[in-house]
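Each chain, written out:
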Number of protein chains: 2
Amino acid sequence: MFSIVILGAGNVATHMFQAFQASGNCSVVQVYNHRPESLKAFEKLTATTTELSELIEADMYLLCLKDDVIESIAEQIQTKSGIIAHTSGSQSILRSSNSAVFYPLQTFSKGSKLNYSEIPFCLEANSEENLQILKTIASCISPEVFEISSAQRQTLHLAAVFVCNFTNHLYAIGESICKEDDMPFDILKALIQETSAKVQINPPSEVQTGPAIRKDESTIKRHLSQLKDQNHKEIYQLLTQSIKQKHDKL
Amino acid sequence: MFSIVILGAGNVATHMFQAFQASGNCSVVQVYNHRPESLKAFEKLTATTTELSELIEADMYLLCLKDDVIESIAEQIQTKSGIIAHTSGSQSILRSSNSAVFYPLQTFSKGSKLNYSEIPFCLEANSEENLQILKTIASCISPEVFEISSAQRQTLHLAAVFVCNFTNHLYAIGESICKEDDMPFDILKALIQETSAKVQINPPSEVQTGPAIRKDESTIKRHLSQLKDQNHKEIYQLLTQSIKQKHDKL
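Residues numbered from 1 in each chain as written. Chains lettered and ligands numbered in written order. Predicted model: local features only at pLDDT ≥ 70, side-chain atom pairs only at ≥ 80, totals over all residues. Heavy atoms only, no water.

The name given to chain A in an unreviewed UniProt entry is Rossmann-like and DUF2520 domain-containing protein, with Psychroflexus salinarum as the source organism.

Set out below in structure tokens:
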């Protein structure tokens, strides 16, 4: 059984807590947060503390914290013998020998239920021994375990902005286009689901559809004339041009 | 039992054929295509023909054809007493009294299995009587049946370009970013799935995440410096700016 202390109480901390407790082979023995009110949800489930000086011994200290405080918190607990791993997609691994990265490549929202066994974990450590421990711990949650360097992780984080954050914004644009013409966003949900399902089994570049790849200029022209929002018009033009260019090259 | 003749043999025709045959209450009595080789997949399953003059009587003629031939084919079969419905998202309803629209709002690929009961059908007819027949036929496949005007349908088609075609292109950009740094696209799949699952239960504008909505300028700056492809850089800038503007207004 691996013992884990989680530092932080936000979405990532909450989901990691649930994933470890459900794993059977890992136990979250303590949760730290500097604000006592954020610890309420954890109090009945495990030990909690608002003081770094009160952290107990554990195999891993998991820093589910904002990027700008990771380094300072890690420094304050550096004397602990366990691995000190952060969960950030963009922060490099710290220098001390027990530093590591335990990055779950997923979008976490409070309240949304996740299948933890499908989360890819991107791991990095400053020693082969610690890397093996991290792999064993991550494997308790998910079979999707990858050894990823800090440079690669920053690339992944960038790719995630495109496929998650920007994609969600396109959904929001679809929502506002529907609303302007008195239609519910619901009508687009099956299409959204299927578009994401398709690329689970096909490379996205091979399943591109729509007026841009067909070079259907009359539809493109009509769509541009339909768009009232100048921002949406520019996004339509730029993405249409990008699809055309990509598939000219292929 | 409703009898249906399908005109066309592409992805939409193939999926509509399967959906009707599985429905129990509708039967595809004939499939037409001008190219005999395209009919091979249907020959063992129903009657087929390459001649419009040989079309048999049916309750509905479903035109699963390219936009630019819909009108001419519809004119050639106008003497039929059944409803003549096309499946296009962008073509207006034709003028003749038996013209109609039977638009499945979904992305169809050969080979991908779909849950037909989740496809929203957008219907339009030139008479109340025909609209009721269309509703009954569509309900055999899916409970998601909407009466949608030609103008609304064109709006929907535009919204679909954003949430399906453009989204798939963002997946393709994610794929190429991963590949440049020797990582498999597989690593992004769980994130893509969850991003689409989230908006099945939440409005997309309420679940936006990422550096743009957080106004995390240092991450945005680093991401822009990481992007090598000028097109990808422009897309990153425009979508980041659009997310910021949208959430400033909210």
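### A few points about the side chain of lysine 80 of chain A
All names here are of chain A. Threshold: Runs of E in the DSSP output that reach at least two residues are strands. Runs of H or I that reach at least four are helices, and both are numbered from the N terminus. Remark: exposure states derive from per-residue accessible area (1.4 Å probe, protein chains only) relative to the maximum for the residue type, with buried under 20%, exposed over 50%, and partly exposed in between. Note on definitions: a residue-residue contact is assigned when non-hydrogen atoms from the two residues lie within 4.5 Å.
Mapped onto the secondary structure, lysine 80 falls in the loop between helix H3 (67-76) and strand S5 (83-86). Owing to a relative accessible area of 16%, lysine 80 belongs among the buried residues under this scheme. Beyond its immediate stretch of four places on either side in the chain, lysine 80 contacts Leu55, Ile56, Glu57, Tyr61 and Asn98.

### Quick word on the sheet that holds S5 of chain A
Residues and elements named next belong to chain A. Counted only if it meets this: A pair of strands is labelled paired if DSSP reports no fewer than 2 bridges between them. Here, axes are lines fitted to C-alpha atoms. For helices the fit covers the stretch in contact, and angles between N-to-C directions go from 0 to 180 degrees.
Spatially, the 8 strands line up as an open sheet ordered S3-S2-S1-S4-S5-S6-S7-S8, and their pairing is mixed. Bordering the open sheet on either side are strand S3 (47-49) and strand S8 (145-147), each of which pairs with just one other strand. Each strand of the sheet is rotated relative to its neighbour by a mean of 25°, with strand direction disregarded. With 4 bridges connecting them, strand S4 (residues 60-63) and S5 associate as parallel partners. Counterpart to tyrosine 61 in the pairing with S5 is isoleucine 84. Across the sheet, helix H1 (residues 11-23) touches strand S1 (2-7), strand S2 (26-32), S4, strand S6 (99-104) and strand S7 (121-125), and the angle it forms with S2 is around 150°.

### Here's the deal with the sheet that holds strand S5 (residues 83-86) of chain B
Residue and element names in this part refer to chain B. If you walk across this open sheet you meet the 8 strands as S3-S2-S1-S4-S5-S6-S7-S8, and the pairing is mixed. Whereas interior strands pair on both sides, the edge strands pair on one side only; in this sheet they are strand S3 (47-49) and strand S8 (145-147). Direction aside, neighbouring strands of the sheet carry axes that sit 25° apart on average. As judged from the 3 bridges shared by strand S2 (residues 26-32) and S3, these two strands associate in the parallel manner. Each residue of the ladder has a partner; that of glutamine 30, found in S3, is alanine 47.

### Overview of the domain arrangement of chain A
All names here are of chain A. Put simply, the rule reads: These domain boundaries are the output of an automatic or database domain assignment. Throughout, buried area stands for the accessible area (probe radius 1.4 Å) lost by two parts on being put together, summed over both. Here a salt bridge means any side-chain nitrogen of Lys or Arg lying within 4 Å of a carboxyl oxygen belonging to Asp or Glu. Any pair of N or O atoms that falls within 3.5 Å is considered a polar contact. Within protein, one atom must be able to donate a hydrogen and the other to accept it, and sequence-neighbouring residues count only if both atoms are side-chain atoms.
Along its sequence, chain A is carved into domain 1 (2-148), domain 2 (151-201) and domain 3 (208-250). Once you take the C-alpha centre of each, domain 1 and domain 2 turn out to be 28 Å apart. Listed as interface residues are 15 residues of domain 1 and, on the opposing side, 7 residues of domain 2. Summed over both partners, the interface of domain 1 with domain 2 comes to about 820 Å²; 58% of that surface belongs to carbon and sulfur atoms. When the area that domain 1 buries against domain 2 is broken down by residue, the three leading residues are Gly89, Ser90 and Ile148, summing to 48%. Between arginine 153 and glutamate 124 there is a salt bridge whose closest N-O contact spans 3.1 Å. Linking domain 1 with domain 2 are 4 residue pairs in polar contact (both at pLDDT 80 or more), by the criterion used here.

### A word on the packing of helix H5 (residues 150-180) of chain A against helix H8 (residues 217-226) of chain B
As a reminder of what qualifies: Any angle that falls under 35 degrees is termed roughly parallel, while one over 145 is termed roughly antiparallel, one within 65 to 115 roughly perpendicular, and all others oblique. Side-chain classes follow a simple rule in which Ala, Val, Leu, Ile, Met, Phe, Trp, Tyr, Cys and Pro form the nonpolar group, Asp, Glu, Lys and Arg form the charged group, and the remainder, Gly included, forms the polar group.
Taken N-terminus to C-terminus, the directions of H5 of chain A and H8 of chain B make an angle of 100°; their axes are 10 Å apart at the nearest point. Compared by their axis directions, H5 of chain A and H8 of chain B come out roughly perpendicular. Between H5 of chain A and H8 of chain B, the residues in contact are Gln154, Thr155, His157, Leu158 and Val161 of chain A and Thr219, Arg222, His223 and Gln226 of chain B, respectively. Its residues placed into classes, the contact of H5 of chain A with H8 of chain B shows 2 nonpolar, 6 polar and 1 charged.

### Side note on the packing of H8 of chain B against helix H9 (residues 230-249) of chain B
All names here are of chain B. This is how the line gets drawn: If you view the pair so one helix is near and one far, a crossing is left-handed when the near helix is turned anticlockwise from the far one by less than a right angle, and right-handed when it is turned clockwise.
Where H8 meets H9, the axes come as close as 10 Å, and the angle between the chain directions of the two elements is 160°. One finds that H8 runs roughly antiparallel with respect to H9. H9 is crossed by H8, and the crossing has right-handed handedness. Between H8 and H9, the contacting residues are Glu217, Thr219, Ile220, His223 and Leu224 on the first element and Lys233, Tyr236, Gln237, Thr240 and Lys244 on the second.

### With respect to the relation of the copies chain B and chain A
Our working definition: Least squares is used to superpose the copies, and the fit set is the C-alpha atoms of residues whose pLDDT is at least 70 in both copies.
Superposing chain B onto chain A takes a rotation of 180° plus a shift of 0.0 Å along the axis, which leaves an RMSD of 0.1 Å. The superposition of one copy onto the other is thereby described by a two-fold rotation axis. For chain B, the smallest separation between a C-alpha atom and the rotation axis is recorded for threonine 167 of chain B, amounting to 2.8 Å. Of all interface residues in chain B, 100% are interface residues in chain A too; the two copies therefore contact each other through one and the same surface.

### Some thoughts on the packing of aromatic side chains
Formally: Paired rings are identified among Phe, Tyr and Trp, the last through its six-membered ring, by centres lying within 6.5 Å, and are further divided according to the angle between planes into stacked (under 30 degrees), edge-to-face (over 60) and tilted (the rest).
In the structure shown here, the tally under the stated rule is 12 aromatic pairs over all chains. A centroid spacing of 5.0 Å and a plane angle of 45° characterise the contact between phenylalanine 102 of chain A and phenylalanine 121 of chain A, whose relative ring orientation is tilted. Placement of phenylalanine 102 of chain A in strand S6 and of phenylalanine 121 of chain A in strand S7 is noted, with a sequence separation of 19 residues between them. Phenylalanine 121 of chain A carries the same exposure label as phenylalanine 102 of chain A, and that label is buried. Ring plane angle 35° and centroid distance 6.0 Å describe the contact between phenylalanine 20 of chain B and phenylalanine 102 of chain B, whose orientation is recorded as tilted. With phenylalanine 20 of chain B in helix H1 (residues 11-23) and phenylalanine 102 of chain B in strand S6 (residues 99-104), the pair connects residues that are 82 residues apart, well separated along the chain. By relative accessible area, which is 0% here, phenylalanine 20 of chain B ends up buried.

### Section: the interface of chain B and chain A
The partner chain A presents 86 residues to the 86 residues of chain B that form the contact. Both faces considered, chain B and chain A share a buried interface measuring about 8400 Å² in area, 65% of it formed by carbon and sulfur atoms. On the chain B side of the interface with chain A, the three residues burying the most area are Phe162, Val163 and Ile187 of chain B, jointly 8% of the side's total. Applying the counting rule to chain B against chain A returns 0 salt bridges. The tally of links between chain B and chain A comes to 31 residue pairs in polar contact (both at pLDDT 80 or more). Secondary-structure elements contributing two or more residues to the side of chain B that touches chain A are helix H5 (150-180), helix H6 (189-201), H8 and H9 of chain B. Looking at the side of chain B that touches chain A, the element that brings in the most residues is H5 of chain B, giving 27 residues. Partitioned by chemical class, the residues of the side of chain B that touches chain A number 42 nonpolar, 32 polar and 12 charged.

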